Amino acid sequence: MKVEYKIKFEMPENYNPFVVLNKLPSPISSKMTEIYNYSVEPYGFYFLDNLVDQKVAGYAMKLFIDECLKYSGQVEIQKI
C-alpha cells in the first residue's frame, strides 16, 4: 500500500530545489526497499510514501513542507 501527496505552494519563477534535496534522508531502507519517492513539479512537490518507515518518510515530508513555507505563506497538502 502507498500514499501519494501533492504539496502545493507558490513556487518562485527561478526556484532551485537543490538545498532541500540535499537534506533528504536516504529513501532506501536497510532491507533495500523504497521508503519514499518524490518529484519536483510546477505546483510544488509530489511525494510518495510507501509506508515502509513512517519516521523517515515523515521527516522527508516535513522537509518539503518547511521548504514551501520559506517561499509561501500558504501550503496545500492534497492526498491523491
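Our structure's up above, just so we're on the same page.
Presented here is an overview of the structure given in this document. As the structure is a prediction and not an experimental result, all values here were calculated from the model. (Residues numbered from 1 in each chain as written. Predicted model: local features only at pLDDT ≥ 70, side-chain atom pairs only at ≥ 80, totals over all residues. Heavy atoms only, no water.)

## Observations concerning the overall build of the protein
What the protein contains, in helices and strands, is 2 helices and 4 strands. In the protein, the succession of α and β elements from N to C terminus is β-α-β-β-α-β. Seen along its three principal axes, the alpha-carbon backbone of the protein occupies a region of about 40 × 25 × 15 Å. Taken over 80 residues, the protein has a buried fraction of 34%. Of the roughly 5200 Å² of accessible surface on the protein, 53% is carried by carbon and sulfur atoms. Considering the protein, the positive charge centre built from 9 side chains and the negative charge centre built from 10 side chains are found 7 Å apart. (Helix = DSSP H or I, 4+ residues; strand = E, 2+ residues; numbered from the N terminus. Buried < 20%, exposed > 50% of the residue type's maximum accessible area, 1.4 Å probe, protein only. Areas by Shrake-Rupley, 256 points an atom, 1.4 Å probe, with all protein chains shown as cover. Lys, Arg positive; Asp, Glu negative; His and termini not counted. Charge placed at Lys NZ, Arg CZ, Asp CG, Glu CD.)

## Brief notes about the nonpolar core
Nonpolar side chains in soluble globular proteins tend to be buried together. Within the largest apolar cluster, 18 residues are counted, with the highest numbers of intra-cluster contacts made by I7, V20, L24, Y36, F45, F47 and F64. Looking at this core, the elements that each hand over two or more residues are β1 (3–8), β3 (44–49) and α2 (54–71). Looking at this core element by element, the count peaks at 7 residues for α2. Ignoring any residue separated from it by four or fewer positions in sequence, one finds F47 in contact with V3, E4, Y5, I7, Y36, N37, Y38, A57, A60, M61 and F64. (Core = buried A, V, L, I, M, F, W, Y, C linked by side-chain atoms within 4.5 Å. Contact = heavy atoms within 4.5 Å.)

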